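Structural description and commentary
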Amino acid sequence: MTDFDLLVRSQSLMANDINPFESPGVVDEPLVEAGPRNVRDRFSLVGWPVVYILNVILPLMLAWGLTEQHGRYGMFLAMLLVLSGGWYVAVRWTPLARRVIVGALPVALSQFFPILHIYLGMASIMLVGMATGNNVYSGSGGPPIASEPAGFAVTMLVGGGLLLCSAVIGGLLSVVVARRWFSATGGQ
């Protein structure tokens, strides 16, 4: 038998899916990958409300004096929407949720020097005031956030800004720190 005949014979064996070097158990087992619906990540499901509460302390204290009762209804509705949206992301997109959670820790610590939170709040109040035609800082004496839509919009803008900062910081930290912090499977 020539080398050419051996080569043709080995290729015909491989074409029939017969591999003498492969164990029989590997061929019969299907490959199942852990997708976003197969994994319930406890770190994200528990970590999200923890960092959410840590990040809402200062904005809530500052916003309470700037809102009337109707504005507070909108504010609490937006807070519930952000909390439930974070849980939805934690279930559907675990790597993104972990980045936001890890990035939200430094954002929460920044409340000791609340420059980020104060500027986001001021900018949000000004944007909502310009959109509604109400000059917020005119010195009229009343709280600037008096309606449900205004309270909702200001809270969503502040929350969205803090989430964006958390995602950026978490993305930067994902390059530096251990990979297992950002993977539900432990970085495997």
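Quick note: structure is the one above.
Residues numbered from 1 in each chain as written. Predicted model: local features only at pLDDT ≥ 70, side-chain atom pairs only at ≥ 80, totals over all residues. Heavy atoms only, no water.

In the structure shown here, the tally under the stated rule is 3 aromatic pairs. A centroid spacing of 5.8 Å and a plane angle of 45° characterise the contact between Trp48 and Tyr52, whose relative ring orientation is tilted. Here Trp48 pairs with Tyr52, and both are found in helix 3 (residues 42–64), just 4 residues apart, close to one helical turn. Taking relative accessible area as the criterion, Tyr52 reaches 13% and is therefore assigned buried. (Phe/Tyr/Trp six-rings, centres within 6.5 Å; stacked < 30°, edge-to-face > 60°. Helix = DSSP H or I, 4+ residues; strand = E, 2+ residues; numbered from the N terminus. Buried < 20%, exposed > 50% of the residue type's maximum accessible area, 1.4 Å probe, protein only.)

Residues Val46, Val50, Leu54, Ile57, Met61 and Leu105 make up a contiguous nonpolar surface patch of roughly 540 Å² in combined accessible area. Considering each element in turn, the nonpolar patch owes the most residues, 5 residues, to helix 3. Looking at the element boundaries, Val50 is found in helix 3. (Patch = residues over 30% accessible without salt bridge, like charges linked within 9 Å, V, L, I, M, F, W, Y side chains within 5 Å. Areas by Shrake-Rupley, 256 points an atom, 1.4 Å probe, with all protein chains shown as cover. Salt bridge = Lys/Arg side-chain N within 4 Å of Asp/Glu carboxyl O.)

Turning our attention to the nonpolar core. Among the nonpolar cores identified, the biggest contains 12 residues, and these are Trp48, Val51, Tyr52, Val56, Ala63, Met75, Met79, Val82, Leu83, Val100, Ile101 and Ala104. Sorting the residues of this core by element identifies helix 3, helix 4 (69–92) and helix 5 (94–109) as the ones contributing at least two each. Of all the elements, helix 3 adds the most residues to this core, at 5 residues. Here Val51 is in contact with Ile101, Ala104 and Leu105, once residues within four sequence places are set aside. Residues Val107, Val128, Ile145 and Ala150 belong to the second largest nonpolar core, which totals 9 residues. (Core = buried A, V, L, I, M, F, W, Y, C linked by side-chain atoms within 4.5 Å. Contact = heavy atoms within 4.5 Å.)

Attention shifts here to the packing of helix 3 against helix 5. Orientation of helix 3 relative to helix 5, taken along the N-to-C sense of each, is 30°, at an axis distance of 9 Å. If you check the angle between helix 3 and helix 5, you find them roughly parallel. For the pair helix 3 and helix 5, the sense of crossing is left-handed. The segment helix 3 lies against helix 5, with Phe43, Ser44, Gly47, Trp48, Val51, Leu54 and Asn55 engaging Thr94, Ala97, Arg98, Val100, Ile101, Val102, Ala104, Leu105, Val107 and Ala108. Residue composition of the contact of helix 3 with helix 5, grouped by class: 12 nonpolar, 4 polar and 1 charged. (Axes fitted to C-alpha atoms, helices over the stretch in contact; angles between N-to-C directions. Parallel < 35°, antiparallel > 145°, perpendicular 65-115°, else oblique. Left-handed = near helix turned anticlockwise from the far one by under 90°. Nonpolar A, V, L, I, M, F, W, Y, C, P; charged D, E, K, R; others polar.)

For the rest of this paragraph, the subject is the packing of helix 5 against helix 7 (residues 148–176). The interhelical angle for the contact between helix 5 and helix 7, taken along N-to-C directions, is 105°, at an axis separation of 7 Å. The orientation of helix 5 with respect to helix 7, classified from their angle, is roughly perpendicular. Of the residues in helix 7, those in contact with Arg99, Val100, Val102, Gly103, Ala104, Pro106 and Val107 of helix 5 are Leu162, Leu163, Cys165, Ser166, Ala167, Ile169, Gly170, Gly171, Leu173 and Ser174. Taken together, the residues that form the contact of helix 5 with helix 7 break down as 11 nonpolar, 5 polar and 1 charged.

Before going further, it helps to spend a moment on the environment of Gly161. Summarising the element assignment, Gly161 is placed in helix 7. Judged by relative accessible area, which is 14%, Gly161 ranks as buried. When the C-alpha atoms of Gly161 and Leu120 are compared, they prove to be 6.8 Å apart, with 41 residues separating the residues in sequence.

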